[in-house]
Amino acid sequence: MTDDKVNILLVDDHAENLLALEALLSDLGQNLIRANSGVEALRLLLNQEFAVILLDVDMPIINGFETAALIRQRERSRHTPIIFLTAVNKAEQHVMRGFALGAVDYLTKPFVPEVLRSKVVAFVELHKKTEEVKRQAELLKQMVGELADNNDQIRKLNVELQSQRDFISTVLDTADSIIVVLDAEKKVVRASRAFERVLGYSLDEVRDRTLASFFFSTGPWADMPHAENYWTAKDGTNRLIAWSTTPLMTGPADHIILTAIDMTERKRAEEEREQFIRGEAARVEAEASERRAAFLAEASTMLASTIDYEKTLINISRLAIPTFADWCFVYLSLEGEEISSALIAHSDPQKEYLAQQVELRPQDLSSHKLPVVRVFQTGTPELFSDINEEELRESVTDEQKFEALKQLGLRSAVVVPIPGRHAVLGVIGFVSPKPDRYTSTELIFAQELARRISLALENARLYREAQQANRAKDEFLATLSHELRTPLNAILGWTQILRAKRLDEVTTTRAFEAIERNAKAQAELIEDMLDVSRIITGRLRLELQPVEIASAVDAALDSVRPTADVKGVKLECTINGDAGIISGDPHRLQQIVWNLLSNAVKFTPSGGLVRVHLERADSNVKLTVRDTGKGISPHFLPYVFDRFRQAETMISRTAGGLGLGLSIARHLVELHGGVIEASSEGEGRGATFTVTFPFRETPVVGMQNAVQNAS
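The model shown is predicted, which means the values in this text are computed figures rather than measured ones. (Residues numbered from 1 in each chain as written. Predicted model: local features only at pLDDT ≥ 70, side-chain atom pairs only at ≥ 80, totals over all residues. Heavy atoms only, no water.)

Novice: Is there a simple way to think about the overall build of the protein in this case?
Specialist: Secondary structure assignment for the protein yields 19 helices and 23 strands. Buried positions account for 43% of the 711 residues belonging to the protein. Pairs at least 24 apart in sequence give 62% of the contacts found in the protein among residues at least 6 apart. (Helix = DSSP H or I, 4+ residues; strand = E, 2+ residues; numbered from the N terminus. Buried < 20%, exposed > 50% of the residue type's maximum accessible area, 1.4 Å probe, protein only. Contact = heavy atoms within 4.5 Å.)

If you want it as structure tokens, here you go:
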């Protein structure tokens, strides 16, 4: 036996896996040769011989099975031991396929490093001993050849041959490994003392027995050059034997040298170790699960105790430190596509202060390796196992923020969305300065926490909306009372004056005009309330017919012009001649235009201007009402068409009305199949309302349809 190093081939298309295998096997003192593909492995096998091949199954171009088949086709590598490694192909059919290709083992990831190491050591030792036997056999062949030259040499070679035979006998008698000489029919010719020591059979008991007669189970074992299987000992027990065979040409008859190692005790030790590791892992996981359950319970109590979600999120983040993370960050969605500043909690108060000073944005934590913004956009949780300094540098270009993140410690993280009913409410991230800190278990836990946070945020939002709705109701009732009482007071006042019968003709006429004007105003308020009631209950109907939209605009202008003249607001109207005909309800179309015009006049100061423009736009009719009034604030613009919503509160009101006109107008426009939009550059800069109706190329004369509100 020689102490020379042997070659071990490591084949995997992932560099990190090759590094892990090298680290595991480096202290064996053998030549570890890497190949990152099946093609490269085949190229290396052309020029080198290997004691054992560790072959990944799942590889691009040619997979491990195909690579093994090609290896077995070459005479030189036909009997090289192959151990398949895989994390994907774990099904029984893949395992049987691996053994069918001549694999000596099929290990699935994750595997116990000591198991793999022990198997490699066994085949390295087998290879060395087999090579030693080959060298001895080659020496014997050379001796036989030399004996043929002359008798003197033959005598000398006979002496040497006898010496070698004695040496082989000594080796067979003293070797720790099992060595068996088989004939061409794989029957035992001779066996070492180790065979008797391990299995209990004497040489006389095993001579002329086939190799397969010792196997515990049937199968392709006898035809395989390398294997690890159970042999039945003389006492009936089963021993796990790792063995390999080497053909040996000895003149007219072929012989086979089998070398083997008893792996039974080592296997038992490995199983006990695996059982211990599994038990320890189960205990650790149970403790971790208990901690996570306690954390979720405490977090739920904290979330339910207040509606101040920002403060609560900080408290929850601190609650997760240091059990679940070294530091946490939370971002929440604001109006539009805005994202809040980070809420950061750190186990170190000084580092927490540092993070707040540099103001980390989601964009600072977003790259191909750490896409926090992508979690916002997709709503998909992500786990980042190892972020090195170079990748962090690619993510953060700002030097100050980069240094801050280095001090905070960012090597692994789990980032999950906080889901809402219709969109992502925010993201929460748990960060550790250690690589590979988080697994799928922590990811599921973080998702559950985010779900509970989502419920708390939704409850807080619903509470705020309920408060706002209650305030809006109170303000609307106050406004309604004021608006109904104002004309009623005028009517009652003039009625009492008329009853006194002391008025001249001019004052009497003025009294009747005032009573009529206030009665009409009150009737309009009541009609708006009835329209809203019809809209809510779905009983608002349209009587559709072909309508010249220009006539509705003219009628509405005539109704609004007196009010505009009294207030000093100028009206301008541009109507294109080809505006065309639409299918609509004439009364309701006039109501839409009147609501928009009266609203524009109401909020335009004296000397202001209201422009009306009607035109044909492709297959639509477009009406635009633009004023130079007080405008609409960006905060209120999304709610301008909501029922009972007014930009002014009851206390600050400067204009009358119930705030229903625009809501009714929007509903009527939608019933006509149109779209209404509002825009404003801000307060004091006017507002623009645009209505688009579908155009009718060939109106049907006399068409009468009743369209019921579906909302």
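We are not done yet, so read on.
Novice: Explain the packing of aromatic side chains to me, please; I cannot follow it from the model alone.
Specialist: Both the distance between ring centres and the angle between the ring planes are used here to describe each pair of aromatic rings. Tallied over the full model, the rule gives 12 aromatic pairs. Measuring from centroid to centroid gives 6.4 Å for F65 and Y106, while their planes differ by 20°, and the two rings are stacked. Here Y106 lies in strand β5 (residues 105–108) and F65 lies in helix α3 (residues 64–73), a separation of 41 residues in the sequence. Each member of the pair F65 and Y106 is classed as buried. In textbook terms, an aromatic cluster arises when at least three aromatic residues are bridged by ring pairs, as seen for F195, Y201, F214, F215, W231 and W243. Taking the ring centre of F214 as reference, the NZ or CZ of R209 above it sits at 4.3 Å. (Phe/Tyr/Trp six-rings, centres within 6.5 Å; stacked < 30°, edge-to-face > 60°. Lys NZ or Arg CZ within 6 Å of the ring centre and 35° of its normal.)

Novice: Can you help me understand the environment of L343 in this one?
Specialist: Mapped onto the secondary structure, L343 falls in strand β12 (residues 343–346). For the pair formed by L343 and Q356, sequence separation is 13 residues and the distance between their alpha carbons is 8.1 Å.

Novice: Quick question: what am I supposed to make of the pattern of salt bridges here?
Specialist: Working definition: two side chains of opposite charge can pair if their charged atoms are close together. As enumerated under the stated definition, the model contains 23 salt bridges in all. The shortest N-O distance in the salt bridge between R268 and E265 comes to 2.6 Å. Taken as a pair, R268 and E265 lie in helix α9 (residues 264–304) at a separation of 3 residues, close to a single helical turn. Note on E265: relative accessible area 45%, which makes it partly exposed. E572 is the partner of K570 in a salt bridge, and the nearest nitrogen-oxygen pair spans 3.5 Å. Judged by relative accessible area, E572 falls into the partly exposed class, the value being 29%. (Salt bridge = Lys/Arg side-chain N within 4 Å of Asp/Glu carboxyl O.)

Novice: Help me understand the packing of helix α18 (residues 586–602) against helix α19 (residues 661–671) in this model?
Specialist: A pair of packed helices is captured by two measures, namely the crossing angle of their axes and the spacing between those axes. Where α18 contacts α19, the two axes come as close as 9 Å, and the packing angle between them is 145°. Of the two elements, α18 crosses α19, and the hand of that crossing is left-handed. The residues of α19 that touch α18, namely those facing R588, Q591, I592, N595, L596 and N599, are G661, L662, I664, A665, L668 and V669. Here the contact of α18 with α19 is composed, by residue class, of 7 nonpolar, 4 polar and 1 charged. (Axes fitted to C-alpha atoms, helices over the stretch in contact; angles between N-to-C directions. Left-handed = near helix turned anticlockwise from the far one by under 90°. Nonpolar A, V, L, I, M, F, W, Y, C, P; charged D, E, K, R; others polar.)

Novice: Please clarify how α19 should be interpreted in this entry.
Specialist: Side chains three or four residues apart in an α-helix point the same way, a direct result of the helix having 3.6 residues per turn. Burial of α19 is extensive: 8 of the 11 residues sit out of reach of the surface. Of all the positions in α19, only L662, S663, I664, A665, H667, L668, V669 and L671 are classed as buried.

Novice: I would appreciate a short explanation of the sheet that holds strand β15 (residues 424–432) in the present structure.
Specialist: As a general point, the strands of a sheet are linked pairwise by backbone hydrogen bonds and lie either parallel or antiparallel. Strands sit in the order β12-β11-β15-β14-β13 across an open sheet of 5 strands; the sheet is antiparallel. Two strands close off the open sheet at either side, each with one partner strand: β12 and β13 (382–384). Strand-to-strand twist of the sheet, defined as the mean angle between neighbouring strand axes without regard to direction, takes the value 15°. Note: strand β11 (residues 327–332) against β15, 6 bridges, orientation antiparallel. Bridge pairing in β15 places W327 opposite V431. (Pairing = 2+ DSSP bridges.)

Novice: Please explain the sheet that holds strand β20 (residues 620–627) as it appears in this structure.
Specialist: Judged by pairing direction, the sheet is mixed, and its 5 strands sit side by side in the order β17-β19-β20-β22-β21 without closing on themselves. Sheet topology places β17 (570–575) and β21 (675–679) at the edges, where each strand pairs with a single neighbour. Recorded for the sheet is a direction-independent mean angle of 10° between the axes of neighbouring strands. In this sheet, β20 lies alongside strand β19 (residues 609–617) in antiparallel orientation, the contact comprising 8 bridges. Across the sheet, E615 pairs through a bridge with K622, a residue of β20.

Novice: Is there a simple way to think about the pairing of β5 in this case?
Specialist: Each regular strand carries side chains that alternate between the two faces of the sheet. Where strand β4 (residues 82–86) lies against β5, 4 bridges are found, and the strand directions are parallel. Bridging from a neighbouring strand, F84 pairs with Y106 of β5. Note that the unit made of β4, helix α4 (residues 92–100) and β5 has a crossover that is right-handed. (Right-handed = clockwise from strand over helix to strand, strands pointing away.)

Novice: It is not clear to me how unusual backbone geometry should be interpreted in this structure. Could you clarify?
Specialist: Peptide bonds are, in most cases, trans, and in most cases residues other than glycine have a negative phi. The phi torsion at I61 lies on the positive side, around 65°, for a residue other than glycine. Despite not being glycine, D436 shows a phi value in the positive range, around 55°. In this structure, D436 sits in the loop between β15 and α15 (440–499). Judged by its relative accessible area of 53%, D436 is exposed.

Novice: Could you clarify how one ought to interpret the side chain of R72 in this entry?
Specialist: With respect to the element layout, R72 can be found in helix α3. It is E75 that comes nearest to the buried, bridge-free R72 among opposite-charge side chains, at 11 Å. From its side chain, R72 meets the backbone oxygen of R78 in a polar contact 2.9 Å long. Setting aside anything within four residues of it in sequence, one finds R72 in contact with S77, R78, H79, T80, I82, L101 and G102. (Lys, Arg positive; Asp, Glu negative; His and termini not counted. Polar contact = N/O pair within 3.5 Å; in protein donor to acceptor, adjacent residues only side chain to side chain.)

Novice: Sorry, what's going on with the side chain of Q30 here?
Specialist: Structurally, Q30 can be placed in the loop between α1 (15–25) and β2 (31–35). Taking relative accessible area as the criterion, Q30 reaches 13% and is therefore assigned buried. Within the local environment of Q30, its side chain forms a polar contact with the backbone nitrogen of V6, the two atoms lying 2.8 Å apart. Among all residues touching Q30, those that are not within four sequence positions of it are D4, K5, V6, I8, V124 and K128.

Novice: It is not clear to me how the nonpolar core should be interpreted in this structure. Could you clarify?
Specialist: Nonpolar side chains in soluble globular proteins tend to end up buried together. By size, the foremost hydrophobic cluster in this structure holds 43 residues, and its most contacted members are I549, L589, L596, L597, V610, F689 and F693. Secondary structure elements with two or more residues in this core: β16 (541–548), α17 (549–567), α18, β19, β20, α19 and β22 (687–694). Top element by residues in this core is α17. It accounts for 8 residues. The residues contacting F689, other than those within four sequence positions of it, are L596, N599, L623, T624, V625, I632, V640, F641, L662, E677 and A678. Residues L54, L107, L240 and A242 belong to the second largest nonpolar core, which totals 25 residues. (Core = buried A, V, L, I, M, F, W, Y, C linked by side-chain atoms within 4.5 Å.)

Novice: Just to check I follow, could you spell out the environment of L455 for this structure?
Specialist: Tracing the chain through its elements places L455 in helix α15. Note: C-alpha distance between L455 and R421 (34 residues apart in sequence) is 9.7 Å.

Novice: Even after reading the chapter, I still don't get the environment of R209, so can you show me in this structure?
Specialist: Summarising the element assignment, R209 is placed in the loop between α8 (203–206) and β8 (226–232). Taking the C-alpha atoms as reference points, R209 and K187, separated by 22 residues in sequence, lie 5.2 Å from one another. Dropping the residues within four chain positions of it, R209 is found in contact with K186, K187, V188, Y201 and F214.

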